[in-house]
Amino acid sequence: MRAAAGVFCAAVLSGPAGAQPAALPKPELPAKVMAEIKADVLRKHVDTLCGFGTRHTLSSDKVFGKGIAAARDWLQRTFEDCQRSIPGQPLLNVYLDVFEQPPVERMPNGGQIVNVVAVIPGTMPEAAERRYYVAAHYDSIPTDKMDNTSDAPGANDNASGTAALLEICRVLAARPLESTVVLLATAGEEQGLLGARWHAADAKEKGRDVRAVLNNDIVGDPSPAFNGEKGPHAGFVRVFSEGIPSNPRGLQLAEIRRLASESDSPSRQIARYVAEVAAWENTRVKPMMVFRPDRFLRGGDHLAFNDQGFAAVRFTAMGEDYTRQHQDVKEVDGVKYGDRAEYVDAEYLAGVTRLNAATLVHLANAPREPAAVRIVTAKLEAGTIRWEKCPEPDTSGYEVVWRETTSPVWQHSKDVGNVAEARLEVSKDNVYFGVRAYDKDGYRSPVSFAGAAVE
Ligand SMILES: [Zn+2]
């Protein structure tokens with residue numbers, strides 16, 4: 001990505017002549033998929049979800065058409081309606097995660113929790129093991145987190161994200177990608193990320209190759225104030241990502257300190273990837289990267305995946321209106337409280353959904369990130385970098401990317417061809433390096449950050 005060029009001394013960093021990104025074809029599918037996402041379908045989904053009265057995880061299943069069980073049945077049916085029979089392609093797989101939650105603070109008697117999951121299997125044998133998620137919680141709450149009977153339409157939080165899952169499933173089920181796509185609708189989020197925690201732990205236990213989770217939570221209302229400024233902020237969505245992994249393994253923390261790689265977690269590379277996709281595809285809603293795991297005093301399902309060591313980021317609208325979030329539906333002194341369907345802007349939600357879908361298409365059609373990327377430090381020389389080549393047969397080359405240590409985004413890239421080692425006339429002491437793979441169709445992988453090795 002070269003968008004940030006101009007804010008630093010290019011002469012110092014431009015490296016050898018020809019430090020250019022690969023001249024790749026532009027894939028056509030992301031734009032096609034974005035064009036198929038419809039604001040009016042999203043609008044209907046949000047209205048339907050709000051119509052269940054409450055989707056509180058502890059709500060009763062005794063009233064016909066109301067409560068979380070009715071919402072879950074509708075979600076399952078709507079995912080199943082996305083099924084397309086494509087000769088030679090594995091079928092969309094819709095299933096329920098059903099588990100018994102032991103007692104916790106916001107669920108003192110424990111109970112059953114049900115996630116709704118739709119899996120679109122990948123079409124390339126070498127890539128199908130890799131899984132890319134879009135996640136959203138479908139439960140809701142009113143003011144009192146334990147109140148399981150009052151109306152809790154949860155339009156923005158989080159019928160909006162749930163509608164995005166359904167619409168992405170509708171469009172992508174007809175066009176399976178090389179890697180596997182998972183649409184995950186969780187319950188128990190408002191009781192402590194319970195559905196996501198169970199699913200992420202299960203994926204870890206089963207050894208699933210979860211490469212990225214795009215969690216959409218509050219993505220329908222761009223109008224509230226942001227940083228004291230009044231909206232609308234219809235052009236932007238925040239993308240939160242952790243820096244230092246929440247669950248570092250072994251010597252990882254010491255390694256992070258040695259490399260000064262505190263802003264180069266896999267989650268952060270995914271956040272940068274979202275920003276790059278937005279630039280490549282010129283999406284109408286642009287991401288604003290926020291380099292922290294989530295907002296103050298708040299959390300979301302992506303954190304449950306981070307805790308299991310998976311890369312995961314959170315999409316959330318720019319501003320927050322606390323008269324709407326987690327509020328009973330009421331009117332006081334002319335102020336309408338509650339998370340009402342009327343506050344969701346379907347065009348904005350469509351913009352966020354398109355950004356998610358374009359990111360998914362790029363991620364799931366690209367080669368995997370190169371493995372074992374490292375700067376060779378045995379000798380005092382400029383930057384020699386090595387990596388392992390990717391197994392996907394359509395991989396056609398690699399780009400080395402780099403940035404100043406103070407830059408938030410990759411500033412330069414150089415196409416080095418289909419090799420596993422490159423030497424650049426750029427001081428390894430002054431920049432961060434990474435490597436990404438590309439394929440013959442023009443899809444680029446996320447960047448693998450370069451560690452260091454004495455070899
Ligand atoms: Zn939420």
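Keep in mind that what you see is a predicted model, and the values were worked out from it rather than measured.

**Student:** What exactly am I supposed to notice about the overall build of the protein here?
**Tutor:** Within the protein one finds ten helices and 18 strands. In terms of C-alpha radius of gyration, the protein reaches 22 Å, essentially the compact-globule figure of 23 Å for 455 residues. Along the first, second and third principal axes, the C-alpha atoms of the protein reach 70 × 55 × 40 Å. By sequence separation, contacts in the protein at least 24 residues apart represent 77% of the contacts at least 6 residues apart.

**Student:** Sorry if this is basic, but what is going on with the nonpolar core here?
**Tutor:** As a rule of thumb, soluble globular proteins bury nonpolar side chains together. Ranked by internal contacts, the top residues of the largest apolar core, which has 115 residues, are Tyr 133, Ile 168, Cys 169, Val 213 and Leu 349. Inspection of this core shows a minimum of three residues originating in each of domain 1 (10-27 + 369-453) and domain 2 (37-365). For Ile 168, the residues in contact, after removing those within four places along its chain, are Val 134, Leu 183, Thr 353, Asn 356, Ala 357 and Leu 360.

**Student:** Looking at this model, I keep getting lost on the domain arrangement of the protein. Mind explaining?
**Tutor:** Accessible area lost during the coming together of the parts is what is often quoted as the interface size. In terms of domain boundaries, the protein breaks down into domain 1 (10-27 + 369-453) and domain 2 (37-365). The C-alpha-based centres of domain 1 and domain 2 are spaced at 32 Å. On the side of domain 2, 14 residues touch domain 1, which itself brings 15 residues to the contact. Split into classes, the residues belonging to the side of domain 1 that touches domain 2 amount to eleven nonpolar, two polar and two charged.

**Student:** Hey, could you run me through the confidence of the model for the protein in this one?
**Tutor:** Segments scoring low in pLDDT should not have their predicted coordinates read at a detailed level. The predicted model of the protein averages 91 in pLDDT, with 94% of residues at 70 or higher. The model gives residues 1-17 a pLDDT under 50, and that stretch makes 28 contacts with residues more than four places away or in other chains.

**Student:** Even after reading the chapter, I still don't get the sheet that holds strand S8 (residues 312-317), so can you show me in this structure?
**Tutor:** The strands making up a sheet associate through hydrogen bonds between their backbones, and the pairing can be parallel or antiparallel. Taken in spatial order, the eight strands line up as S1-S2-S4-S3-S5-S8-S6-S7 in an open sheet, and their pairing is mixed. Unpaired on one side and paired on the other, strand S1 (93-101) and strand S7 (286-290) mark the two borders of the sheet. Here the strands of the sheet are splayed against their neighbours by 25° on average, with no regard to which way each runs. Both strand S3 (residues 130-137) and strand S4 (residues 180-186) contribute to a ladder of seven bridges, which runs parallel. Opposite Tyr 132, over in S4, you have Val 181 as the bridge partner. Packed on one face of the sheet, helix H4 (residues 68-80) meets S1, strand S2 (111-120) and S4 and runs near 10° to S2.

**Student:** Sorry, what's going on with the sheet that holds strand S12 (residues 383-388) here?
**Tutor:** Strand order in the open sheet formed by four strands is S15-S12-S11-S18, with mixed pairing between adjacent strands. Edge positions in the sheet fall to strand S15 (421-424) and strand S18 (451-453), since each of these pairs with one other strand and no more. Direction aside, neighbouring strands of the sheet carry axes that sit 35° apart on average. In the sheet, strand S11 (residues 371-376) pairs with S12 via three bridges, with the strands oriented antiparallel. Paired with Ala 371 across the strands is Glu 388, a residue of S12.

**Student:** Please clarify how helix H3 (residues 39-50) should be interpreted in this entry.
**Tutor:** With twelve residues, H3 extends 17 Å from end C-alpha to end C-alpha; this agrees with the ideal 16 Å at 1.5 Å per step. Among all positions of H3, only Leu 42, His 45, Val 46, Leu 49 and Cys 50 are buried. End-on view of H3: buried residues confined to an arc of 130°, all on one side of the axis. Each element contacted by the buried residues of H3 is listed here: H4, helix H5 (155-172) and helix H10 (346-365).

**Student:** In this structure, what is going on with unusual backbone geometry? I would like to understand it.
**Tutor:** Of all residues except glycine, most have a negative phi; of all peptide bonds, most are trans. Between Asp 157 and Asn 158 the backbone carries a cis peptide bond, its omega angle lying at 10°. Note that Asn 158 resides in helix H5. Within the chain, Ala 260 stands out as a residue other than glycine whose phi angle is a positive 55°. As for its position among the elements, Ala 260 is in the loop between helix H7 (252-259) and helix H8 (266-281). Residue Ala 260 is classed as exposed on the basis of its C-beta count, with 10 C-beta atoms lying within 10 Å. A positive phi angle, close to 50°, is found at Asn 282, a residue other than glycine.

**Student:** I keep staring at H10 and nothing clicks. Help me out?
**Tutor:** Given 3.6 residues per turn, any residue in an α-helix points the same way as the ones three and four places further on. For H10, built from 20 residues, the straight-helix expectation of 28 Å at 1.5 Å per residue is met to within 8% by its first-to-last C-alpha distance of 28 Å. Among the 20 residues in H10, 19 count as buried, and that is most of the element.

**Student:** Mind showing me how you'd approach the packing of H3 against H5 here?
**Tutor:** How two helices pack is summed up by the angle between their axes together with the distance between the axes. It is at 9 Å that the axes of H3 and H5 come closest, and there the two elements cross at 130°. Judged by the angle between their axes, H3 and H5 are oblique. Viewed along their axes, H3 and H5 form a crossing whose handedness is right-handed. Residues Val 41, Leu 42, His 45, Val 46, Leu 49 and Cys 50 of H3 lie in contact with H5, whose contacting residues are Ala 155, Ala 159, Ser 160, Thr 162, Ala 163, Leu 166 and Glu 167. Counted by class, the contact of H3 with H5 contains nine nonpolar, three polar and one charged residues.

What counts and how
Residues numbered from 1 in each chain as written. Predicted model: local features only at pLDDT ≥ 70, side-chain atom pairs only at ≥ 80, totals over all residues. Helix = DSSP H or I, 4+ residues; strand = E, 2+ residues; numbered from the N terminus. Rg over C-alpha atoms; globule rule 2.2 N^0.38 Å. Contact = placed C-beta atoms within 7 Å. Core = buried A, V, L, I, M, F, W, Y, C linked by C-beta atoms within 7 Å. Buried ≥ 20, exposed ≤ 12 C-beta atoms within 10 Å, placed from the backbone. Domains from an automatic or database assignment. Nonpolar A, V, L, I, M, F, W, Y, C, P; charged D, E, K, R; others polar. pLDDT = per-residue confidence, 0-100. Pairing = 2+ DSSP bridges. Axes fitted to C-alpha atoms, helices over the stretch in contact; angles between N-to-C directions. Expected span 1.5 Å × (residues − 1). Arc of directions from axis to C-beta. Parallel < 35°, antiparallel > 145°, perpendicular 65-115°, else oblique. Left-handed = near helix turned anticlockwise from the far one by under 90°.

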